[in-house]
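# Breakdown of the fold
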Amino acid sequence: MTDTTPLPLAAAGATPPAKPLPKVDPKSAKTAQEFESVFLGQMTQLMLQSVQQDEQFGGGNGEEIFRGVLAEKLGAEMARRGGIGLAPAVLDQILKLQQGQK
């Protein structure tokens, strides 16, 4: 005979959340992530500009043209995978501004 009674949170080793998370508009969350994506893309662009290009093994004009696209895509992927923590701070400010308008 198996007991199927759920364990209390403390007995299960889990801790209850401190407070319920506010409902977030998906559009606001997406805006915050896109902001972080653009920021990271710009930082990546600056980083790529500081790297010396090797004339013998470099990509020439094609590499120069597509460096901006590469920086943009790298920024978007970094933000999608969690980024540097900028999106939650931006989202917090968006929510504060929205609450002030109501």
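Described below are features of the structure shown in this document. If you're wondering where the values come from, they're calculated on a predicted model, not measured in any experiment.

Rules behind the numbers
Residues numbered from 1 in each chain as written. Predicted model: local features only at pLDDT ≥ 70, side-chain atom pairs only at ≥ 80, totals over all residues. Heavy atoms only, no water. Helix = DSSP H or I, 4+ residues; strand = E, 2+ residues; numbered from the N terminus. Buried < 20%, exposed > 50% of the residue type's maximum accessible area, 1.4 Å probe, protein only. Contact = heavy atoms within 4.5 Å. Areas by Shrake-Rupley, 256 points an atom, 1.4 Å probe, with all protein chains shown as cover. Expected span 1.5 Å × (residues − 1). Arc of directions from axis to C-beta. Salt bridge = Lys/Arg side-chain N within 4 Å of Asp/Glu carboxyl O. Core = buried A, V, L, I, M, F, W, Y, C linked by side-chain atoms within 4.5 Å.

### Points about the overall build of the protein
Each helix and strand in the protein was counted, giving four helices and zero strands. Start at the N end of the protein and walk to the C end: the helices and strands fall as α-α-α-α. In the protein, which comprises 102 residues, the share counted as buried stands at 17%. Considering only residue pairs separated by 6 or more positions, the protein has 78% of its internal contacts joining residues 24 or more positions apart. Approximately 8600 Å² of the protein is accessible, and the part contributed by carbon and sulfur atoms is 60%.

### Focus: helix H4 (residues 86-101)
The end-to-end C-alpha distance of H4 is 23 Å, a good match for the 22 Å that 16 residues give at a rise of 1.5 Å each. For H4, the full list of buried residues reads Ala-87, Val-90, Leu-91, Ile-94 and Leu-95. Along the axis of H4, the buried positions cluster into a sector of 140°, meaning they face one direction only. Facing away from the buried surface of H4 by more than 90 degrees, the exposed residues are Leu-97, Gln-99 and Gly-100.

### Description of the side chain of Arg-67
When you line up the elements, Arg-67 lands in helix H3 (residues 60-80). Sequence-distant contacts of Arg-67, that is, excluding residues within four places in its chain, are made with Gln-45, Leu-48, Gln-49, Val-51 and Gln-53.

### Focus on the pattern of salt bridges
Summed over all chains, the structure comprises five salt bridges. Among the salt bridges present, the one from Glu-77 reaches Arg-80, with a minimum N-O distance of 2.6 Å. Taken together, the positions of Glu-77 and Arg-80, both in helix H3 and three residues apart, correspond to about one turn of that helix. By relative accessible area, which is 29% here, Glu-77 ends up partly exposed.

### Details of the nonpolar core
General note: in soluble globular proteins, nonpolar side chains tend to be found buried as a group. The biggest cluster of nonpolar side chains holds six residues, and these are Ala-32, Ala-87, Val-90, Leu-91, Ile-94 and Leu-95. Here the element with the most residues in this core is H4; it accounts for five residues. In this view, Ile-94 contacts Ser-28, Thr-31 and Ala-32; residues no more than four positions away in its chain are not counted.

### Some thoughts on the environment of Ala-32
Relative to the helices and strands, Ala-32 is located in helix H2 (residues 26-49). The exposure class of Ala-32 is buried, given its relative accessible area of 1%. Once the C-alpha coordinates of Ala-32 and Gln-93 are considered, the two residues, 61 residues apart in sequence, prove to be 9.4 Å apart. Dropping the residues within four chain positions of it, Ala-32 is found in contact with Ala-87, Val-90, Leu-91 and Ile-94.

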